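Listed below are the residues making up each chain.
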Amino acid sequence: MAKYLVERSGPLVGEVAISGAKNAVLPILAATVLTKEPCEIYDVPQLRDVDVMCRILRALGARVDEDPKEHTIVVEAAEITDTEIPYEFMKQMRASIFLMGPLLARMGSAVMSMPGGCAIGNRPIDLHNKGLKALGAKILQDDDSVEAIARKLTGNKVYLDFPSVGATENIMMAATLAEGTTVIENAAEEPEIVDLANFLNKMGARIRGAGTDNIRIEGVASLHGTRHAVIPDRIETGTFMVAAAITRGDLLLVNSVPDHVRPVIAKLGECGVVINDEVDGLRIRGDLKKLRATDIKTLPYPGFPTDMQAPFMAFLTTVQGSSTVIETVFENRFMHADELNRMGANIRVEDRTAYVPGDKNVLSGASVIATDLRAGAALVLAGLVAEGHTEVANVHLVERGYENFVDKLTAIGGKIRKVEDVA
Ligand code: EPZ
């Protein structure tokens, strides 16, 4: 397994071009199954998860042409020859679950091994099943696999007990070809939901209300191909905002969307970081004054994003004063605290709250392990300001969600390189 070797780097200064959003492009690629016609997707980030999704689409019978240099993928699902997602793909990427709704709507069936949990939580799919059942699907689920079958789908009202991003997306995609109207209540409101709805509407779907907690989908007989540029990645944007803050640097984030990162802008502002929405992009300056503590609580959008919790916690270890971090979205998303403590952070975790003492003028370098992609990014940021060397293992997790992470950091002064682990 590869690892990153990270050295104390001083302030990061310069420009970062934000890539397309992982969590938008994955459901959008799944949605291409809803039409026989070709769909051209632009601004696609080069990520492991995108490669896996393309391999799944090919395994289902779709033609997929990738042009990584142009960040473009063309999918033509003229023929779907299989509706079963092989286990080898499910275990690599639980986002394969996004194919359930589209396969059900296009072919009347979808079979996949249970996506299973991951380090941050057991990741159930009960809300996905509830929504698809409401549209008329029969769901057969055991410990190993889940099968959805539907001769036809009929619009219905679905209340989500939790505003699940994936469940909202799966139900919305399936509902586009259902007979009649579907209303999703207590829907997730993330920008990636809006991007998916925009893509679907360009395919001829009739979706209103994406971005609110009430989404209305009027079913249509068929969808056609289209062209779509994916929105910038708001979590990559937030990660580099925190990179400027933790290193007391000065970064210009090009191709970022300030409206998608309002909670991160607000929280960094409370710490004294200066953020300006300039013509060329979002300018983050952590070098202008002494930075102080604040408290964060993760919530579904538009609250503070759970995917920004780990990078922000790393930053909070370096400011004046103590902070609290409350994680309300996933049940086990504090494992990076143990790794930061190996660097001298002294974070105390009690159930859903982490107490971050701050005032760590210097973290000390250590060998640490990424437990999920955002934790991995957080440990890299900590390594950029820690005394001595930091080795971050399990970096394949980081490369699932951050395009050219090492190159982007190196270009702005980050001392980081990737080595294959000989062990
Ligand atoms: C999406 O995951 C993202 N992944 C996650 O990003 C992100 O952290 C999460 O949304 C929350 O914003 C992709 O978009 C590919 P959820 P998803 O369904 O859809 C519970 C990253 O780092 N739940 O909103 O799986 C679940 O257990 C990844 O890029 C149910 O109880 O998230 C969790 O506690 C990590 N039943 C909460 O909802 C269900 O049927 C949020 O999950 C579904 C979810």
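About the thresholds
- Residues numbered from 1 in each chain as written.
- Predicted model: local features only at pLDDT ≥ 70, side-chain atom pairs only at ≥ 80, totals over all residues.
- Heavy atoms only, no water.
- Helix = DSSP H or I, 4+ residues; strand = E, 2+ residues; numbered from the N terminus.
- Contact = heavy atoms within 4.5 Å.
- Areas by Shrake-Rupley, 256 points an atom, 1.4 Å probe, with all protein chains shown as cover.
- Axes fitted to C-alpha atoms, helices over the stretch in contact; angles between N-to-C directions.
- Parallel < 35°, antiparallel > 145°, perpendicular 65-115°, else oblique.
- Left-handed = near helix turned anticlockwise from the far one by under 90°.
- Core = buried A, V, L, I, M, F, W, Y, C linked by side-chain atoms within 4.5 Å.
- Buried < 20%, exposed > 50% of the residue type's maximum accessible area, 1.4 Å probe, protein only.
- Near = heavy atom within 4 Å.
- Polar contact = N/O pair within 3.5 Å; in protein donor to acceptor, adjacent residues only side chain to side chain.
- Nonpolar A, V, L, I, M, F, W, Y, C, P; charged D, E, K, R; others polar.
- Domains from an automatic or database assignment.
- Expected span 1.5 Å × (residues − 1).

> How should I be thinking about the overall build of the protein in this particular structure?
Looking only at helices and strands, the protein has 14 helices and 24 strands in total. C-alpha extents for the protein along the principal axes are approximately 65 × 45 × 40 Å. Residue pairs at least 24 apart in sequence account for 72% of intrachain contacts in the protein once pairs closer than 6 positions are excluded. Roughly 16300 Å² of accessible area belongs to the protein as shown, and the carbon and sulfur atoms make up 48% of that amount.

> Any chance you could explain the packing of helix α10 (residues 309–316) against helix α11 (residues 335–342) here in plain terms?
A pair of packed helices can be characterised by two numbers: the angle between their axes and the separation between those axes. Closest axis-to-axis distance for the α10/α11 pair is 10 Å, and the angle between their directions is 30°. Classed by the angle they form, the pair α10 and α11 counts as roughly parallel. Crossing geometry of α10 relative to α11 is assigned as right-handed. Taking contact as the criterion, the partners of Gln309, Ala310, Met313 and Ala314 in α10 are, on α11, His336, Ala337 and Leu340.

> Would you mind showing me how to read the nonpolar core here?
Note that soluble globular proteins tend to have their nonpolar side chains buried in a common cluster. If you look at the biggest cluster of nonpolar residues, it comprises 77 residues, and the most contacted ones within it are Leu99, Met172 and Leu200. Ranked by the residues each element gives to this core, the list is headed by helix α1 (residues 22–31), at seven residues. Discounting residues that sit within four places of it in the chain, Met172 has contacts with Ile184, Ile193, Leu196, Ala197, Leu200, Ile207, Ile215 and Ile217. Of all hydrophobic cores here, the second largest spans 67 residues; its members include Ile235, Leu282, Leu340 and Ile412.

> Help me understand the site of the ligand, please; the structure alone is not making it clear to me.
By nearness alone, 21 residues border the ligand, and Asp126, Leu127, Ser164, Asp307 and Val329 come closest of all. At 2.8 Å from an oxygen atom of the ligand is found a main-chain nitrogen or oxygen belonging to Gly166. Separating an oxygen atom of the ligand from a backbone N or O atom of Val329 is a distance of 2.6 Å. Those elements that provide at least two residues to the shell around the ligand are α1, α5 (126–134), α6 (165–175) and α12 (373–385). Considering every element that reaches the shell around the ligand, the biggest residue donor is α5, with three residues. Counted by class, the shell around the ligand contains nine nonpolar, five polar and seven charged residues. Counting the residues that make up the shell around the ligand, at least three belong to each of domain 1 (2–19 + 232–420) and domain 2 (22–229).

> So what exactly am I meant to see when it comes to helix α8 (residues 234–246) here?
Owing to its 3.6 residues per turn, the α-helix brings residues three or four apart onto one side. For α8, with 13 residues, the first-to-last C-alpha span of 18 Å sits near the 18 Å given by 1.5 Å per residue. A side-chain oxygen of the first residue of α8 lies 2.8 Å from the backbone nitrogen of Ile235; this N-cap is Asp233. Arg248 occupies a position one or two residues after α8 and carries a positive phi of about 60°.

> Whenever I open this one, the environment of Leu291 confuses me. Can you help?
Tracing the chain through its elements places Leu291 in the loop between β17 (281–285) and β18 (296–297). Judged by its relative accessible area of 4%, Leu291 falls in the buried class. Considered as a pair, Leu291 and Leu140 are 151 residues apart in the sequence and their alpha carbons are 53 Å apart. The residues touching Leu291, leaving out its near neighbours within four places in the chain, are Ala245, Arg248, Cys271, Gly272, Val273, Gly286, Phe315, Val319 and Gln320.

> Would you take a moment to explain α10 for this structure?
Among the eight residues of α10, eight are classified as buried, and the element is accordingly described as predominantly covered. The set of residues buried in α10 consists of Gln309, Ala310, Pro311, Phe312, Met313, Ala314, Phe315 and Leu316.

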